[in-house]
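Below, each chain spelled out in residue letters.
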Amino acid sequence: MNIIITGGGWAGCSAAYMARKQGANVILIERTDLLLGTGLVGGIMRNNGRYTATEEMIAMGGGDIFKIIDENCRHTNINFPGHAHASLYDIAKTPVAITNYLKKIGVEIKLQERVVRAQVEDGAIKSIQTSSGEVYAGDAFIDTTGTAGPMNNCSKYGNGCAMCVLRCPSFGGRVSLTGVCGITEKTGKKADDSIGAMSGSCKLYKESLAPEIIETLNTTGVAVIPLPEEFVENHLSVKACQQYALKEFAENIILLDTGHAKLMTPYYSIEKLHKIPGFENARYEDPYAGGKGNSMRYFDMSPRTNALQVKGIKNLFCAGEKAGLLVGHTEAIVTGVLAGFNCTRFLRKEPLLELSRKTAIGEAIAYVNEEMEKQEGLGKKYTFSGSVLFEHMKKLGLYENDVNKIEEKIKQEGLFNIFAS
Ligand SMILES: Cc1cc2nc3c(=O)[nH]c(=O)nc-3n(C[C@H](O)[C@H](O)[C@H](O)COP(=O)(O)OP(=O)(O)OC[C@H]3O[C@@H](n4cnc5c(N)ncnc54)[C@H](O)[C@@H]3O)c2cc1C
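Residues numbered from 1 in each chain as written. Predicted model: local features only at pLDDT ≥ 70, side-chain atom pairs only at ≥ 80, totals over all residues. Heavy atoms only, no water.

- As recorded in an unreviewed UniProt entry, the protein chain goes by the name FAD-dependent oxidoreductase, listed as coming from Anaerocolumna sedimenticola.

**Regarding the site of the ligand**
Working step 1: Around the ligand, the structure places 38 residues, and the nearest of them are E30, R31, T38, E321 and H329.
Working step 2: T144 has a polar backbone atom sitting 3.5 Å from an oxygen atom of the ligand.
Working step 3: Relative to its unbound accessible surface of 1,000 Å², the ligand loses 97% to contact with the protein.
Working step 4: If you list the elements that add at least two residues to the shell around the ligand, you get α1 (10-21), β2 (25-30) and α11 (329-347).
Working step 5: Partitioning the shell around the ligand into residue classes produces 9 nonpolar, 19 polar and 10 charged.
Working step 6: When residues of the shell around the ligand are assigned to domains, at least three map to each of domain 1 (2-194 + 296-420) and domain 2 (197-286). (Near = heavy atom within 4 Å. Polar contact = N/O pair within 3.5 Å; in protein donor to acceptor, adjacent residues only side chain to side chain. Areas by Shrake-Rupley, 256 points an atom, 1.4 Å probe, with all protein chains shown as cover. Helix = DSSP H or I, 4+ residues; strand = E, 2+ residues; numbered from the N terminus. Nonpolar A, V, L, I, M, F, W, Y, C, P; charged D, E, K, R; others polar. Domains from an automatic or database assignment.)

**Some words on the nonpolar core**
Working step 1: Of all hydrophobic cores here, the largest spans 92 residues; its most connected members are W10, L102, I128, I361, F384 and F419.
Working step 2: When sequence neighbours within four positions are dropped, the list of residues in contact with I361 reads A53, E56, M57, M60, V334, L355 and F384.
Working step 3: With 21 residues, the next largest nonpolar core counts L209, L263, I276 and Y284 among its residues. (Core = buried A, V, L, I, M, F, W, Y, C linked by side-chain atoms within 4.5 Å. Buried < 20%, exposed > 50% of the residue type's maximum accessible area, 1.4 Å probe, protein only. Contact = heavy atoms within 4.5 Å.)

**Topic: unusual backbone geometry**
Working step 1: Residue P150 is bonded to the preceding G149 through a cis peptide linkage, with omega at -5 degrees.
Working step 2: Following the sequence through the fold, P150 ends up in the loop between β10 (140-143) and α5 (151-157).
Working step 3: For the bond running from D286 to P287, omega is -20 degrees, close enough to zero to count as cis.
Working step 4: Although it is not a glycine, L36 sits at a positive phi angle of roughly 105 degrees.
Working step 5: Residue position: L36 is located in the loop between β2 and β3 (44-45).
Working step 6: Relative accessible area serves as the criterion here: at 0%, L36 is assigned to the buried category.
Working step 7: In this model, L308 sits at a positive phi of 70 degrees, which is unusual for a non-glycine residue.
Working step 8: Turning to its location among the elements, L308 is positioned in the loop between β17 (296-297) and β18 (316-318).
Working step 9: Judged by its relative accessible area of 0%, L308 is buried.

**Some thoughts on the packing of helix α2 (residues 50-59) against helix α14 (residues 403-412)**
Working step 1: The N-to-C vectors of α2 and α14 enclose an angle of 55 degrees; their axes lie 9 Å apart at closest approach. Relative to α14, α2 is oriented oblique. Relative to α14, α2 is oriented so that their crossing is right-handed. Contacts from Y51, T52, E55, E56 and A59 of α2 reach α14 at V403, I406, E407 and I410. (Axes fitted to C-alpha atoms, helices over the stretch in contact; angles between N-to-C directions. Parallel < 35°, antiparallel > 145°, perpendicular 65-115°, else oblique. Left-handed = near helix turned anticlockwise from the far one by under 90°.)

This is the structure:
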């Protein structure tokens, strides 16, 4: 089984892990010089329903990536407005830990290789080609190229290239594998029907903040600083992460310690920031132009089944943001594991796995697909950690924090250790 994965964000890394565990030869192709994609500047895990999804995946036997993240957290079990029992991973250590793990289990990682073409015959991909001219032939493929950028999308639908961690000018912009196969893709919208959504957090260079803020962040993981009314900037409606579109995130500066000081707003004027006590010397670490804008996302999502097979190409699977309007690392990891698993089932000619809708993960995968068929559904974002999907989970009784009960449910659904088999 030769499986080629395009895109080394959380979804691609997780698909690579599972496909390799299932015995495939795996090549993971990433256009930049680092794995983890937007996860390089993320960090929030296990908040609200993400806790349930994480523990479900561990009970299903596909939790190695989550275990590595847990080992690399700076803070665990913290609360911030609207969010309970969160963990914050260290944005410096985690990418290295994941890269080393994937190498150790035998995933072949190709960095600074950008897939730009695919050779499709009889509805299946034969090979893909990168911008350097390298050709990779495989038996099955996974598209985990994400939905962020490239620069022309950030300029057209956002406030311009904000110089984010995806570093399009240096490595070339995102190219969708599904798109180059000629499949028509979907684009997300904002509530006002305009296209795309803006990433919802920036990172400040922690050492540029006042010592007492640094101390609070280092010891508690969270700092909430009320803003005088004239300093309130309301960017809630443009946010990709609607779970943080709460008024507390406009009325306060909310910082989380991921190594950087994660500032929970899409952008905020640096001139204003410098007038706030403790922020006189503040500098943006990501995106560099965080005073003006942020990366734009949710372009080009693949049409897919609930087994994460791309409709229209037999041997192509997808995960993460490619698989729909799913926001978050947890969401990318659980879909990545399922895509990696089903890719090997496909090659073994075994029936593909669709997760039971009695699990939070199974319900999320099916629900977002259904919602994206509706016009209003394209204007929303879906995450276990808040907003519509978390409310939906709670209504169905799928939000659970008791690890034993989660394991029991997974056993009842016949899914215990399914990914470890
Ligand atoms: C600033 C920011 C902060 C965030 N913070 C959090 C957080 O704290 N917690 C949380 O849960 N979520 C957070 N998110 C959301 C989360 O990061 C994403 O939803 C999730 O990680 C998406 O993973 P992915 O693998 O689907 O896509 P991506 O992370 O976008 O990864 C896609 C990868 O594919 C590569 N690629 C694209 N095209 C090609 C090609 N043609 N050839 C080769 N490689 C290609 C890209 O370089 C990239 O590495 C944040 C997002 C942003 C932008």
